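So you can see what is in the structure, the chains are spelled out below.
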Amino acid sequence: MSIQAFIGNRQLQNMDNIWKSTRFKYIFACILITFVTSYECKCEANVQPSQHLKQAANEINGYKKKAEHRLAILVPFRDRFEELLIFVPHIQKFLDKQNIDYHIFVLNQVDRYRFNRASLINVGFLETEKAFDYIAMHDVDLLPMNDQLSYAYPSTGPHHISSPDLHPRYHYFTFIGGILLIKREHFIQVNGMSNKYWGWGLEDDEFYVRLKEASLSVSRPQNISTGTHNTFKHIHDRNHRKRDMTKCYNQREVTRKRDRQTGLNNVSYKILDTIKMTISDISLTVINISLLCDKSSTPWCECEKLVGSKDQGRSKEKKKTNNSKLATGL
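Computed from a predicted model, the values in this text were never measured in an experiment.

K.L.:
How should I be thinking about the environment of Asp-111 in this particular structure?
P.N.:
Residue placement: Asp-111 occurs in the loop between strand E2 (101–109) and helix H3 (117–128). The sequence separation of Asp-111 and Asn-288 amounts to 177 residues, and the corresponding C-alpha distance is 9.2 Å. Setting aside anything within four residues of it in sequence, one finds Asp-111 in contact with Arg-78, Ile-289, Ser-290 and Leu-291. One polar contact links the side chain of Asp-111 to the main-chain amide nitrogen of Tyr-113, over a distance of 2.9 Å.

This is the structure we're talking about:
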């Protein structure tokens, strides 16, 4: 073989090797690109369901609903865990049908004094007003059963959901207890609720007078298809948990008058801690509240020292009348 032929064959062989090498690199690059592309798509597919589940969970708990206003459900509370376990899943199911943007706050009174529903609501309002623009003053033992009952933003004035025409127990016209919606501005306008009501009863009646004096008209559900026996479910067991209806010192006299000394601006309390908890996969917040009592103005925050007194005896005889409205003309 001539030198020229040998060189020619070598050149052809080198070119063939170069082509094969280039083709290999090309094929390897294609495989690598395909692998990377498929891996990225697979990762994205894995991420999306997780994001959707997280978003769905947020929507279930009322955080990302398409509502213009946010509702703080304030539940005054002490030692009623059995009722809370029923209340939370029920209210979640009820409000999700209305697309309400809400969160439940359990206002847990942990001090040694008698239960003070009004002061707890004042505290709950102060602790939530920056993030929520209306509240529901909500008893833990009263469950709405009719989907016609609306928890929508009460723009024109307070809205009393548990109307006396619908409540299973209380039917006098000035009753505004149970479940009342009120927007932030109106609650501030009337200086919240009185802090003088230790024990059970009458704090709502005093609040009604505040609303009336401020010319705030209370609306109520209209054209409801149910009545007093089937609009709400009242789950309180009076035999298991008796109401604190004792009256001591001059409590009876003072608490039947309009309170112009106390309210939202001077409720005295300490927040011990705030706990995030979950009931039936529903997120809620428990605020442990220690109320402070000025015994010079409301010595009846503790009545144990007067057990057997004449005043306590009279209060037992008249306990059935304790849910009547405040004296007229206040």
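K.L.:
In this structure, what is going on with unusual backbone geometry? I would like to understand it.
P.N.:
In the Ramachandran plot, Ser-280 falls in the positive-phi region, its phi being about 55 degrees despite a non-glycine side chain. Positionally, Ser-280 belongs in the loop between strand E8 (269–279) and strand E9 (282–291). Judged by relative accessible area, Ser-280 falls into the exposed class, the value being 54%. One non-glycine residue with positive phi stands out, namely Asp-281, at about 65 degrees. Mapped onto the secondary structure, Asp-281 falls in the loop between E8 and E9. Owing to a relative accessible area of 68%, Asp-281 belongs among the exposed residues under this scheme.

K.L.:
Please explain the nonpolar core as it appears in this structure.
P.N.:
Generally speaking, soluble globular proteins have nonpolar side chains that are buried together. Ile-135, Met-137, Phe-187 and Phe-207 are the most contacted members of the largest nonpolar core, which has 34 residues in total. At five residues, the largest contribution of residues to this core is made by H3. Residues Phe-94, Leu-95, Ile-100 and Leu-143 belong to the second largest nonpolar core, which totals 32 residues.

K.L.:
Would you mind showing me how to read the side chain of Asp-141 here?
P.N.:
Mapped onto the secondary structure, Asp-141 falls in the loop between strand E3 (134–138) and strand E4 (142–144). Other than its neighbours up to four places away in sequence, Asp-141 contacts Arg-80, Glu-83, Lys-233, His-234, Ile-235, His-236 and Arg-243.

K.L.:
What exactly am I supposed to notice about the state of the cysteines here?
P.N.:
One pass over the structure, following the stated rule, counts two disulfides. In this model Cys-248 forms its disulfide with Cys-303; the gap between the sulfur atoms is 1.9 Å. For the disulfide bridge between Cys-248 and Cys-303, the dihedral angle about the S-S bond is near -75 degrees, and by the sign convention the bridge is left-handed. Of this pair, Cys-248 sits in the loop between strand E7 (232–234) and helix H6 (251–254) while Cys-303 sits in the loop between E9 and helix H7 (310–317), placing them 55 residues apart in sequence. With relative accessibility at 6%, the residue Cys-303 sits in the buried group. Disulfide pairing is shown between Cys-293 and Cys-301; the S-S distance is 2.1 Å.

K.L.:
For this particular structure, what's the right way to read the pairing of E8?
P.N.:
A regular strand places its side chains on the two faces of the sheet in alternate fashion. Bridge count for E8 against E9 is ten bridges, and the pairing is antiparallel. Bridged to Thr-278 within E9 is Ser-283.

K.L.:
Even after reading the chapter, I still don't get the pairing of strand E1 (residues 70–77), so can you show me in this structure?
P.N.:
Of all eight residues in E1, seven are buried; the element is thus mostly enclosed. Here eight bridges tie E1 to E2, and the two strands are oriented parallel to one another. When the bridges of E2 are listed, Arg-70 appears paired with Asp-101. Examined bridge by bridge, E1 and E3 share four bridges and lie parallel to one another. Bridge pairing links Ile-73 to Ala-136 in E3.

Reading the values: rules and limits
- Residues numbered from 1 in each chain as written.
- Predicted model: local features only at pLDDT ≥ 70, side-chain atom pairs only at ≥ 80, totals over all residues.
- Heavy atoms only, no water.
- Helix = DSSP H or I, 4+ residues; strand = E, 2+ residues; numbered from the N terminus.
- Contact = heavy atoms within 4.5 Å.
- Polar contact = N/O pair within 3.5 Å; in protein donor to acceptor, adjacent residues only side chain to side chain.
- Buried < 20%, exposed > 50% of the residue type's maximum accessible area, 1.4 Å probe, protein only.
- Core = buried A, V, L, I, M, F, W, Y, C linked by side-chain atoms within 4.5 Å.
- Disulfide = S-S within 2.5 Å.
- Pairing = 2+ DSSP bridges.

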